[in-house]
Amino acid sequence: MEHTTKPDLSSACDICGGAETEDLFVASDRLATGGREFTIAKCLSCGVLRTFPEMSDSDLSEFYPDHYWGEEPSEDWIRKSQSEKTAFLAGCASAGRILDVGCGSGYFLRALDEQKWDRFGVEIGLEAVSAGRMHLGEDHIVEGSLVGSAFDNENFDVITFWSALEHMNHPSSALAEVHRILRSSGKLILQVPNGGSYQASWFKGSWFALDAPRHRYHFSKPVLERFLNDNGFAIERITFVSREHNAHALRQSLKSTLSRVPYLLIRPLTTPVDRLLSTLGRGATITLAAHKT
């Protein structure tokens, strides 16, 4: 494989500062917003996978189609679709002031009991912000980035990143901000695609959860452990099982790589195979809770 040292400081890995990478494979945009291909490379210092070429937040916004945040669903659909997330949260905390980073239209927040949770969100998508404010209040959904939101010190009991951290060009800045605004007894909850999963290994550039170019950093468990420890957090709970994401990603990855008949023959096996491999710690999704050290 090609080893590339990028002298431009903007190319340094945001996780560890390393500049040397190894190109692994090519991925295309599964939403076909531009028909372009992107390189997935491994940082040789910390092992995180990165999507190249680098893009500004403004450049990336062009790869989010209008339907990316979805259309307005029923409240019943919201409760069901968010049940895995709310169940994980319930195992970490029962009430308090919560911030969801990259909250979209606020579905996760809307699924929480407003009598128990004081609910806040941060989101960059203008349409999603408008939808979230309609249900959660003008002052409870902040438009823009987490770092730019300027919340007070130790302001939240729980901060969540549901499939959000991997979209960021500067995840280290986001994590530093979480450390500042999270209370000393608070919980950080992260969910990201598992770059060390069996699906990532099997499908490489055709892996559904790779989602290039929108996903900028692709995390594995060792990378996340180091990243969190370096920024003042310790993992206290982790799972690789996700009924919402894992088997679905497997089926979509198979559909994109197989013809119709082989796919239909294999499809009934996807859920049991995924359940086994996810239970063994190789699932396509990492969900974890961490506390400040």
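So, a few notes on the structure that sits alongside this text. (Residues numbered from 1 in each chain as written. Predicted model: local features only at pLDDT ≥ 70, side-chain atom pairs only at ≥ 80, totals over all residues. Heavy atoms only, no water.)

Focus on the pairing of strand E6 (residues 117–123)
Here is step 1: Within E6, six of the seven residues are buried, which leaves the element mostly enclosed by the surrounding structure.
Here is step 2: Direction of pairing for strand E5 (residues 96–101) relative to E6: parallel, over a ladder of six bridges. Directly across from Asp 100, in E6, lies its bridge partner Gly 121.
Here is step 3: Two strands pair when backbone bridges link them, and E6 and strand E7 (residues 141–143) are joined in this way by three bridges, in the parallel orientation. Directly across from Gly 121, in E7, lies its bridge partner Ile 141.
Here is step 4: Handedness of the crossover joining E6 and E7 through helix H5 (residues 126–136) is recorded here as right-handed. (Buried < 20%, exposed > 50% of the residue type's maximum accessible area, 1.4 Å probe, protein only. Helix = DSSP H or I, 4+ residues; strand = E, 2+ residues; numbered from the N terminus. Pairing = 2+ DSSP bridges. Right-handed = clockwise from strand over helix to strand, strands pointing away.)

Re the pattern of salt bridges
Here is step 1: One pass over the structure, following the stated rule, counts 15 salt bridges.
Here is step 2: In this structure, the salt-bridge partner of Arg 214 is Asp 29, at a minimum N-O distance of 2.6 Å. With Arg 214 in the loop between helix H8 (198–203) and strand E10 (217–218) and Asp 29 in the loop between strand E2 (20–28) and strand E3 (37–43), the pair connects residues that are 185 residues apart, well separated along the chain.
Here is step 3: A salt bridge links Arg 30 to Asp 211; the nearest nitrogen and oxygen atoms lie 3.3 Å apart. Of the two residues, Arg 30 is situated in the loop between E2 and E3 and Asp 211 in the loop between H8 and E10; the sequence distance between them amounts to 181 residues.
Here is step 4: A relative accessible area of 40% places Arg 30 in the partly exposed class.
Here is step 5: Each of Asp 29, Arg 30, Asp 211 and Arg 214 takes part in a single network of salt bridges with overlapping partners. (Salt bridge = Lys/Arg side-chain N within 4 Å of Asp/Glu carboxyl O.)

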